[in-house]
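# A look at the structure
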Amino acid sequence: MRVRVALVLIMLCGLAWAGNMESCASRCHEKFDRDANCQCDRRCSHHGDCCEDYEHLCTAEEDPTEPDAHLELEEAPASYLYSAPNSCQGRCQEAFDKHHPCHCNDRCQEFGNCCEDFESLCGGHEGFSHSSDTITKEELRSISEKIYKADTNKARKEDIILNSQNRISPAETPNQVDHCPEPLFTYVNEQLFSKPTYAAFINLLNNYQRATGHGEHFSAQQLEEQATFLREIMKTAVMKELYGFLHSQNRYSSEQEFVEDLKHMWFGLYSRGSEEGDSSGFEHVFSGEVKKGKVTGFHNWIRFYLQEKEGLVDYYSHIYDGPWDSYPDVLALQFNWDGYYKEVGSAFIGSSPEFEFALYSLCFIARPGKTCQLSLGGYPLAIQTYIWNKTTYGNGRRYIATAYVVSSTR
């Protein structure tokens, strides 16, 4: 009898343990557990493996717009109800919110709490509305390799001389110590910048006020510069590869529809600060912003080089250097931008503007708000995107909040 009781207790304890491994109850901010079905550590939202109840159990007392400093110091957009809560219109793949009467995330079918239109609008797949539109991990790796090979506008090895100098540990990044007395870029062949996509890209960089809270107001010339950039990149093999792939996946019916969507998702204005229309995905990712005394975004090597050349950027150190022996490469670095510090900023080095624009767009469309696993030259690489949830455009479509290279993954 005692043996039976003991066995029953063991089984009950096992079931309790298994249940606990699917919840963040009593597990908030624990270390990564390979045996658990889902995670509750501070990096889980970064890796997309949080338990369903992580957000309301573990982040209730935290500022949702300030992620863990060891990630990327990006402002993850706060959850915001911008459409009818009992519909999935504009809400596919949004984070679980206990205040909503029904849900539209990956696991709502498992818990039986999906909105009635979940299947028709979300289809239970990442980034797309119907099962026929699903993009698999293998397809993402394949198209990213094709885009990588198509980037004929990238820098050659002799076009850039990089002086990466001292590498530090991730634990040292908050110290704001300049470990590198020399600039990051020793030499850049500026003939690259005369290429049409480079020239069009550079024309956009100074069209923004870097401090959030100051509304952006574009002149007719600046709006034409946006159109010129999109027009020039769409002439390249890189963007033709991307459009052809997305068209084959039933995401866009025409190139015109694709370009129009790119214009809105990247250049459409929204508000990170107190003033209306003070930010956009393009400004944040490529030009860089300052919010609450910190540099946010700023993930572009061309912008970095030009600002360093003007004496406005001071390169401090790096914590990661990619495995590629040609361009594009990847560097995760620390720097000071005219008085403001960037603790960790990852960037492609030596890539064309259309290459970065294509990969970030691909990942935002295919894996919005999640880690996107790609392959470049036979090496794995991941890109993290975040969705701006406070406002939408078109029929519930969402803007890019940020996109950047994840220098290392689990």
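What comes next is a walk through the structure. Counting restarts for each chain, with residues numbered from 1 along the sequence as it is written. Since the coordinates come from a predicted model, pLDDT governs what is reported: local features require at least 70, and pairs of side-chain atoms require 80 or more to be given and counted, while whole-chain, interface and lining totals use all residues. Only hydrogens and water are removed before side-chain values are computed, so all heavy atoms of the structure are retained for them.

This paragraph deals with the state of the cysteines. Pairs of cysteine sulfur atoms within 2.5 Å are what we label disulfides. Counted by the stated rule, this structure contains two disulfides. Bridging C102 to C115, the disulfide has an S-S length of 2.0 Å. Taking the torsion about the sulfur-sulfur bond, which here is approximately 85 degrees, the covalent link between C102 and C115 counts as right-handed. Of this pair, C102 sits in the loop between helix 3 (54-58) and helix 4 (108-111) while C115 sits in the loop between helix 4 and helix 5 (118-121), and the two are 13 residues apart along the sequence. Both residues of the pair, C102 and C115, belong to the buried class. A sulfur-sulfur separation of 2.3 Å characterises the disulfide bridge that pairs C363 with C372. Its S-S torsion of about -70 degrees marks the bond between C363 and C372 as left-handed, since a negative value means left-handed. According to the relative accessible area criterion, C363 is buried, its value standing at 0%. To sort residues, take the accessible area from a 1.4 Å probe on protein chains only and compare it with the maximum for the residue type: under 20% means buried, over 50% means exposed, and anything in between is partly exposed. For C372, a relative accessible area of 0% corresponds to the buried category. Starting at the N terminus, helices and strands are each numbered in turn, a helix being any DSSP run of H or I of at least four residues and a strand any DSSP run of E of at least two.

Time to look at the sheet that holds strand 8 (residues 371-376). Strands are treated as partners if at least two bridges between them are detected by DSSP. The three strands lie next to each other as 8-9-10, forming an open sheet whose pairing is antiparallel. Each edge of the open sheet is held by one strand with a lone partner, namely strand 8 and strand 10 (397-406). Across this sheet, the average inter-strand angle for adjacent strands is 30 degrees, counted without regard to direction. Contact between two residues is taken to exist if any of their heavy atoms lie within 4.5 Å; hydrogens are not considered. An axis is simply a line fitted to the C-alpha atoms; with a helix, the fit covers only the stretch in contact. Between two such axes, the angle follows the N-to-C directions and lies from 0 to 180 degrees. Running over the sheet, helix 10 (residues 255-267) touches strand 9 (379-393) and strand 10 and is turned about 75 degrees from strand 10.

A cis geometry characterises the amide bond from Y327 onward to P328, with omega recorded as 5 degrees. Within the element layout of this structure, P328 appears in the loop between strand 5 (313-321) and strand 6 (329-337). Although it is not a glycine, Q165 adopts a positive phi angle of roughly 55 degrees. As for its placement among the helices and strands, Q165 is situated in the loop between strand 1 (160-162) and strand 2 (185-188).

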